[in-house]
Amino acid sequence: MSSIIQLLPDHVANQIAAGEVVQRPASVVKELLENAVDAKATDIKLIVKDAGKSLIQVIDNGIGMSITDSRLCFERHATSKIRHAEDLFSLHTKGFRGEALASIAAIAHVEMKTKQEQEELGTHIIIEGSKFVSQEPSVLPKGTSFSVKNLFFNIPARRNFLKSDTVEQRYIVDEFQRVAMAHPNIHFTMYHNGSEMFNLPISNFRQRIVNIFSGKTNEKLVPVKEETEIVNLHGFIGKPEFAKKNRGEQFFFVNNRYIKSGYLHHAVMAAYEGLLSAGAQPSYFLYLDVPPHTIDINIHPTKTEIKFDDEHALYAILRSSIKHSLGQFNVAPILDFDRDPNLDTPYQYQNKEAEYPTVQVDRQYNPFSEDTRGIAEQSGAKPNKAFASSSNYKKPEAQPSWESLYVGLKQAGQEIAEMTFENDAVTSSLFEENEIEHEVKRTYQIQKKYIVSPIKSGMVIINQTRAHERVMYEEFLTSMTVHQASSQQMLFPLQLYYSSAEIELISELKSSLENTGFVFETINEDNVVISGLPVNVTESEISIVLEELLSDLQDGIPDSSFSQNDTIAKSMAKSLAVKTGTYLTEKEQENLVHNLFACREPNVSPFQKPTFITMSVEDLDKKFSV
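Residues numbered from 1 in each chain as written. Predicted model: local features only at pLDDT ≥ 70, side-chain atom pairs only at ≥ 80, totals over all residues. Heavy atoms only, no water.

Draft legend 1. Focus on the sheet that holds strand β3 (residues 109-115). Within the open sheet, the 8 strands sit side by side as β5-β4-β3-β6-β2-β1-β7-β8. Their pairing is mixed. Edge positions in the sheet fall to β5 (131-138) and β8 (195-200), since each has one partner strand and no second. Here the average twist between neighbouring strands, direction ignored, is 10°. Direction of pairing for strand β7 (residues 187-192) relative to β8: antiparallel, over a ladder of 5 bridges. Bridge pairing in β8 links Y191 to E196. Against the sheet, helix α2 (residues 25-38) makes contact with β1 (43-49), β2 (55-60), β6 (143-149) and β7, and its axis sits at roughly 10° relative to β2, the strand it touches most. (Pairing = 2+ DSSP bridges. Helix = DSSP H or I, 4+ residues; strand = E, 2+ residues; numbered from the N terminus. Axes fitted to C-alpha atoms, helices over the stretch in contact; angles between N-to-C directions. Contact = heavy atoms within 4.5 Å.)

What follows is the structure in structure tokens.
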């Protein structure tokens, strides 16, 4: 039997490897930005067109590459980061696998321009699908420029599975922000379709975070700092009152590398125990510096997962450090039984000396004396003008005796005795007694969760939250598709702050949100000003509704207008529906029941869950049968 195992050609092997390394355009952005950082660049530009599907270009002013290196960097397992296997446990660079550029070149058209500072000419290389098209010297500035065009041109299945431009662009922004936050000592700039999205100058960690997530972020941050033999921890956490429903602003950096760790996230949540409402997620930007030999980065091609030698110690240090910061900056309440704050001396009185009162008192004054002035003069005291003015006191006139109150009472009593009164009260009515119909209670609320209403065959049990979701969903959908909803104008416009990605989403949803009743006065780079809101939305619920909506649209806005309106209606209905534990009056219960059965599809909620069940009398009889 002939041999059937054969060695795969290089271009096939590169395409297979590309499936692990390059999953979407954001993967290319991550690899190229990290290579620019490893090249010791101080200025990095990212240029993107059509969410990376047409062009991804990264320009840096790093050390550049020689002619030999510029050709060799596109080979598999070729890297300048490590030499031996032991180097994997002493990594100080972003990349080390030597697969990224080879994988990118296998599935795209790549153009690279690079030049070292001491060289007169640089190198210009063009590669299409792992095939070298040209390599020639060129006059170039110091540094390297990578242009990746027509991503997945030779893998149409992978290209068809890419999501909309909005979603892919959001992934690219996420990768850009992660690299930029880890390196505030580098100037980063990002352009999308010719417009500048980010311009982040060299700064400290706090200012870099503020530049990325709008200026309002500064007041939310609480510093965290702890130095131990295991880890040096520094960074910032968000105040509990600014916690959000989604997990958007949560970042861990280990040795300036962004990572994901559910275990460390649990440590942060444990530190916030008792300070957050149900479902709220705090913001945090935490940088952990650990010895390189205590971690293993070679777990996944994306290098976002890390194995720690002593995870339990890291958990304890992280939790206690955050708790300490929350207490130190008076974010969390502290119980101190040794000090009474009511006894503290105010700052303005600390250095002030005590003063004696200057009030003069006439100790010889007798208010009951007939002649106060004469007594004061005999004692040699000076008469007080204030007291002298009150010397015209008059004695009250003599009151009549108590016997006068009963004069003539006997005669009046005789007159009253001669009067006659009706013995029986008038109880007449417009209706006969048997015609009066007493009002019967039609609905009952159980455990502040279910509404029970009797019907002819038994009873119907309604889930109040799901029923209200169905009612509001159809109301919002009708407002957006049939006619524009009415809006209530606010006395003072409300200003809400969001990140650049969230502002972009709100701008795209503006017309649909206006159909539901929202009125946007302005939409700026980092905030929106709202001057009107839907009738059934209160001012305190605006931020919650928009947060839920942005969270539900994390995977992108649907392309069709109906799907877009459907998503908005579902999200707003879920946010505004009455929750379990809310008490409803009898009138509210009846109103909810009537509105539910007036809907087109009362049987299920917008999320295809049953809104009510019916229980017949026969079912109840079976429960009691032995």
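Draft legend 2. Broad picture of the packing of aromatic side chains. The tally for this structure, following the rule as stated, stands at 16 aromatic pairs. Here a set of aromatic residues connected by ring pairs shows up, and it is made of F205, F213, F251, F253, Y258, F285 and Y287. Residue placement shows R71 over the ring face of F132; its charged tip is 3.7 Å from the ring centre. The ring of Y171 carries the charged tip of R170 above its face, separated from the ring centre by 4.9 Å. (Phe/Tyr/Trp six-rings, centres within 6.5 Å; stacked < 30°, edge-to-face > 60°. Lys NZ or Arg CZ within 6 Å of the ring centre and 35° of its normal.)

Draft legend 3. Representation of helix α14 (residues 500-508) within the structure. When we look at burial in α14, the residues that qualify are E502, I503, L505 and I506. Relative to the axis of α14, the buried residues are bounded by an arc of 160° and lie together on one face. Packing partners of the buried residues in α14 comprise α6 (165-182), α15 (510-516), β20 (519-523), β21 (527-534) and α16 (542-552). (Buried < 20%, exposed > 50% of the residue type's maximum accessible area, 1.4 Å probe, protein only. Arc of directions from axis to C-beta.)

Draft legend 4. Fine view of the packing of α6 against helix α7 (residues 205-212). Where α6 meets α7, the axes come as close as 9 Å, and the angle between the chain directions of the two elements is 160°. Classified by the angle their axes make, α6 and α7 are roughly antiparallel. Judged by the twist between their axes, the crossing of α6 over α7 is right-handed. Together, Q177, A180, M181 and A182 of α6 and F205, R208, I209 and I212 of α7 make up the contact between the two elements. (Parallel < 35°, antiparallel > 145°, perpendicular 65-115°, else oblique. Left-handed = near helix turned anticlockwise from the far one by under 90°.)

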